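Observations on the three-dimensional arrangement
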Amino acid sequence: MMATPEAVKNRAEELRREIEQHNYNYYVMDSPAITDDSFDVLMRELASLEKSYPDVVAPDSPTMRVGGSPREGFVTVSHLSPMLSLGNAFDENELRDFDRRVRQGTDNDEVEYVTELKIDGLAVSVLYRDGSLVRAATRGDGENGEEITPNIKTVRSVPLRLREAVGLLEVRGEAYMSKEAFAALNQSREDTGDPLFANPRNAAAGSLRQLDHTVTASRQLSVFMYAVGSVEGTSLLTHQSVLEYLKRQGFRVNPHYRVFKDIEGVIGFCKEWQHSRFDLPYATDGVVVKVNRLDQQVSLGATMKSPRWAIAYKYPPEQARTVVRDIILRVGRTGVLTPTAILKPVKLAGTTVTKATLHNEDIIRDRDIRIGDTVLVQKAGDIIPEVLEVVREERKGGQEPFNMPSECPECQSQVIRLQGEAAVRCVNPNCPARSREGLIHFVSKGAMDIAGLGPAVVSQLILAGLVKDPADLYRLRKDQLVSLDRMGEKSAQNLIDALEKSRQNPLHRLIFALGIRHVGERAAKILDRKFGSLENIISAHPEDLVNTPEIGPRIAGSITEFFSDPSNIKLVERLGLLGLNMKSREHREGSAPGVLDGKTVVLTGGLKRFTRQEAQELVESLGGKVSSGVSKKTDLVVAGEDPGSKYDKALKLGIRVISEEDFTALAEEGK
Ligand code: IVH
């Protein structure tokens, strides 16, 4: 075999570094510097180099984040040092007691505390040797945990390499699912009749402990690191410097930590976050208080279970009492009937709650929830309101137990409950509610994103007999729209324009819009890139789908099932005939070179006509890529209102700067 040329090795290394830097910008710093498409170009180049020269493949290559096949079972590993858990404090006095114990244990030395938010996830340990990630594990019983290396590698905020290599570093932190990802995951599980996760902690644990790590990859997990278990060659003196060290090494550290000189400051911090924590994008259930000086931590030591130098202050769960005014049933996209309690409005964890999902008939029966009952409500994961229990003393009599109907409330077809499932489904594939939900999904933001076509207008269109399925939308005429209630000339024209524009949407939007079970926005993008056209996806061999990174058997199975239904094929054909884009950008035949082909564009200042996302998509549709910072490599800067420092830098570097108007003109010219 020929030796791999040095230039190839260097290029692979350069790409790895660049890709991981972009991962860092995006997932750790929340400030992407390039678009998804430009990122993919780099990933594809690296993957193709590694394919052609297998000996340049490295276990810490970004291509390995989803590499490998599902495993047979979990392996138990022992932690280098025990992963302790924390004692709890439930009020201010218990915090003061903790402070007293700490000061006694340190001979009344001065003690500083670090406060951190307590993230509702699960503890993980990640081990690096010579700067590369080699092992990850769950906490388990504290001594031994489950090895989850392939799963952790799919979490992009976990670096595969350290910035400064050290012989050994074991870091600990919390893997979690954001409120948004948790709500979306449960919503889609509810729609498909899969069992729900009770809270983000269970969702994160269930997602990490997967033998098939492609499932983990599809779950949008994130991580905040908060401790070093073991490290070689670094002498850190305080917990604060541990957190700063972790940041320097490229880890994601929660920014809301603070250092206090005394326990009163700590108590103030706990109070400050009691309500504002509901504004965070992730669920928190308390504050972790840690002694700052590491020598004091050592002298305080630990009991069998928990350290004496740290404590978890727990917020009381936010609950509220209210009345169930009604129980209604929503028929979802896949025909699942979901019962929802309509509540007397009540303030809870930062919002006014008017509804709570009841999930399924088993839950209603087990908790014996009836219309008219006074109930206790809580938010699962600080976000999804649910009925916890009935306040029995308030039941005055007369409330009847709730029974699931035997007919679909929308189309009166029979409903069935499959064995082993909690969900009840309408059997009618043409149930109007199913079509309506399917249409609402089709036009929604992440899908075809058709402005002015919300659920209410969709319902009107169906009622007026104008639309039955997504293809019908593209045959609507303005005069038909104007005939609808509350639809003026202008809104009708806007809607027609939005539909027209959406014909050119990138392919992944259409794939997602079709509503194939388990195919979320990310899977849609992966399919778009790998297969290049809807036709190729439809005719793909199941094996090709299964072997697509991040797709895996579950998603592949549902794609095959979806396209084995002739009515779905027919729908796709009709959409194609109506002029919807069915191909990936680079696969479009005869596409003229865009006016921005190969150009790097920076957007700065406030744009009036476009959102950032729209402007970015426009640049990409013209062949360019958007970058966040101005450098010598920038070809063009589009300056909106109050453009700021990027504008100044562009002028200094002599880069062409154009106004939003010029940009629009350029785009028109390029079409
Ligand atoms: S420190 C010995 N810091 O809370 C110290 N834990 O109740 C170990 N947790 O098992 C933990 N956020 O899963 C620490 N900022 C934070 C945390 C945190 C969440 C979890 C962790 C731990 C549990 C203890």
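Look a little higher up for the structure.
Residues numbered from 1 in each chain as written. Predicted model: local features only at pLDDT ≥ 70, side-chain atom pairs only at ≥ 80, totals over all residues. Heavy atoms only, no water.

Turning our eyes to something else, we now look at the environment of Pro 455. In this fold, Pro 455 is placed in helix 13 (residues 455-463). For the pair Pro 455 and Ile 440, spaced 15 residues apart in the sequence, the C-alpha separation amounts to 5.8 Å. (Helix = DSSP H or I, 4+ residues; strand = E, 2+ residues; numbered from the N terminus.)

Around the ligand, a shell composed of Leu 84, Leu 86, Glu 116, Leu 117, Lys 118, Ile 119, Ala 123, Glu 174, Tyr 226, Val 288, Lys 290 and Pro 307 is seen. Residue Glu 116 places a side-chain N or O atom 2.7 Å away from a nitrogen atom belonging to the ligand. A distance of 3.3 Å is found between a nitrogen atom of the ligand and a backbone nitrogen or oxygen belonging to Leu 117. Only strand 3 (113-119) and strand 10 (284-291) provide two or more residues apiece to the shell around the ligand. Considering each element in turn, the shell around the ligand owes the most residues, 4 residues, to strand 3. For the shell around the ligand, the class distribution of residues is 8 nonpolar, no polar and 4 charged. (Near = heavy atom within 4 Å. Polar contact = N/O pair within 3.5 Å; in protein donor to acceptor, adjacent residues only side chain to side chain. Nonpolar A, V, L, I, M, F, W, Y, C, P; charged D, E, K, R; others polar.)

Taken in spatial order, the 4 strands line up as 5-4-7-8 in an open sheet, and their pairing is antiparallel. Every other strand in the sheet has two partners, leaving strand 5 (132-138) and strand 8 (221-231) as the edge strands with one partner each. If you compare each strand with its neighbour and ignore which way they point, the axes differ by 30° on average. Pairing analysis gives 9 bridges linking strand 7 (residues 168-177) to strand 8, with the strands arranged antiparallel. (Pairing = 2+ DSSP bridges. Axes fitted to C-alpha atoms, helices over the stretch in contact; angles between N-to-C directions.)

Along its 12 residues, helix 12 (residues 432-443) runs 16 Å from first to last C-alpha, staying within 8% of the 16 Å computed at 1.5 Å per residue. Looking only at helix 12, the buried set comprises Ala 433, Arg 434, Arg 436, Glu 437, Leu 439, His 441, Phe 442 and Val 443. On its buried face, helix 12 sits against strand 12 (319-331), strand 18 (424-426), helix 13, helix 14 (470-473), helix 17 (507-513) and helix 22 (566-577). (Expected span 1.5 Å × (residues − 1). Buried < 20%, exposed > 50% of the residue type's maximum accessible area, 1.4 Å probe, protein only. Contact = heavy atoms within 4.5 Å.)

What follows concerns the packing of aromatic side chains. What the rule picks out here adds up to 10 aromatic pairs. Ring centres of Phe 98 and Tyr 113 lie 5.9 Å apart, and the angle between their planes is 40°; on these two criteria the pair is classed as tilted. Of this pair, Phe 98 sits in helix 3 (residues 92-105) while Tyr 113 sits in strand 3; the two residues are 15 residues apart in sequence, bridging distant segments of the chain. Like Phe 98, the residue Tyr 113 is buried in the burial classification. When the ring of Tyr 128 is compared with that of Phe 251, the centres are 5.5 Å apart and the planes differ by 80°; the resulting orientation is edge-to-face. Placement of the pair is Tyr 128 in strand 4 (residues 122-129) and Phe 251 in the loop between helix 8 (239-248) and strand 9 (258-260), with a sequence separation of 123 residues. (Phe/Tyr/Trp six-rings, centres within 6.5 Å; stacked < 30°, edge-to-face > 60°.)

For the rest of this paragraph, the subject is the sheet that holds strand 21 (residues 636-639). Pairing within the open sheet is parallel, and its 4 strands lie in the order 20-19-21-22. The outermost strands of the open sheet, each flanked by one partner alone, are strand 20 (625-627) and strand 22 (656-659). Direction aside, neighbouring strands of the sheet carry axes that sit 35° apart on average. In this structure, strand 19 (residues 600-604) lies alongside strand 20, joined through 3 bridges in parallel fashion. Across the sheet, residue Val 602 finds its bridge partner in strand 20, namely Ser 627.

Our focus in this paragraph is the pairing of strand 15 (residues 374-380). Along any regular strand the residues' side chains alternate between the sheet's two faces. Most of strand 15 is tucked away: 6 of the 7 residues are buried. Both strand 12 and strand 15 contribute to a ladder of 5 bridges, which runs antiparallel. Residue pairing in the sheet places Gln 319 in a bridge with Gln 378 of strand 15. In this structure, the hairpin formed by strand 15 and strand 16 (residues 384-390) is closed by a connection of 3 residues, where Gly 381 is found at a positive phi of approximately 60°.

To continue, consider the pattern of salt bridges. Scanning all chains against the criterion turns up 45 salt bridges. Between Glu 13 and Arg 16 there is a salt bridge, with its nearest N and O atoms 3.6 Å apart. Of this pair, Glu 13 and Arg 16 both sit in helix 1 (residues 6-28), separated by 3 residues, roughly a single helical turn. Overall, the relative accessible area of 5% leaves Arg 16 in the buried class. Between Arg 417 and Asp 362 there is a salt bridge, with the nearest N and O atoms lying 2.7 Å from each other. (Salt bridge = Lys/Arg side-chain N within 4 Å of Asp/Glu carboxyl O.)

Before going further, it helps to spend a moment on the packing of helix 12 against helix 13. Closest axis-to-axis distance for the helix 12/helix 13 pair is 10 Å, and the angle between their directions is 130°. Relative to helix 13, the element helix 12 is oriented oblique. Every pair of crossing elements has a handedness; the one defined by helix 12 and helix 13 is right-handed. Of helix 13, the residues touching helix 12 (which contributes Arg 436, Leu 439, Ile 440 and Val 443) are Pro 455, Val 458, Ser 459 and Ile 462. Residues of the contact of helix 12 with helix 13, tallied by class, amount to 6 nonpolar, 1 polar and 1 charged. (Parallel < 35°, antiparallel > 145°, perpendicular 65-115°, else oblique. Left-handed = near helix turned anticlockwise from the far one by under 90°.)

With that settled, the discussion passes to the state of the cysteines. Two cysteines form a disulfide when their sulfur atoms are joined by a covalent bond. One pass over the full model with this rule turns up 0 disulfides. For the unlinked cysteine Cys 411, the closest cysteine sulfur is that of Cys 426, found at 3.6 Å. Lacking any disulfide linkage, Cys 431 is separated from the closest cysteine sulfur, that of Cys 411, by 3.8 Å. Its relative accessible area of 0% is what places Cys 431 among the buried residues. (Disulfide = S-S within 2.5 Å.)

Locating Glu 50 in the fold gives a position in helix 2 (residues 36-52). Discounting residues that sit within four places of it in the chain, Glu 50 has contacts with Arg 16, Val 56, Val 57, Ser 61 and Thr 63.

Side chains of Ile 416, Leu 418 and Val 427 sit close together on the surface and give an oily, nonpolar patch of about 210 Å² of accessible area. Tracing the backbone shows Leu 418 in the loop between strand 17 (415-417) and strand 18. Given the relative accessible area of 40%, Leu 418 is considered partly exposed. (Patch = residues over 30% accessible without salt bridge, like charges linked within 9 Å, V, L, I, M, F, W, Y side chains within 5 Å. Areas by Shrake-Rupley, 256 points an atom, 1.4 Å probe, with all protein chains shown as cover.)

To continue, consider the side chain of Arg 395. In this fold, Arg 395 is placed in the loop between strand 16 and strand 17. A distance of 2.8 Å separates the side chain of Arg 395 from the backbone oxygen of Asp 368, its partner in a polar contact. When neighbours within four sequence positions are excluded, Arg 395 is seen to be in contact with Asp 368, Arg 370, Asp 373 and Val 390.

Contact pair helix 3 / helix 9 (residues 263-276): the axes reach a minimum separation of 10 Å and the direction vectors enclose 150°. For the crossing formed where helix 3 meets helix 9, the hand is right-handed. Residues Glu 92, Leu 95, Arg 96 and Asp 99 of helix 3 touch helix 9, and the partners they reach there are Ile 263, Glu 264, Ile 267, Cys 270 and Lys 271. Considering only residue class, the contact of helix 3 with helix 9 consists of 4 nonpolar, no polar and 5 charged.

Function cannot be read off these values alone, since they describe shape.
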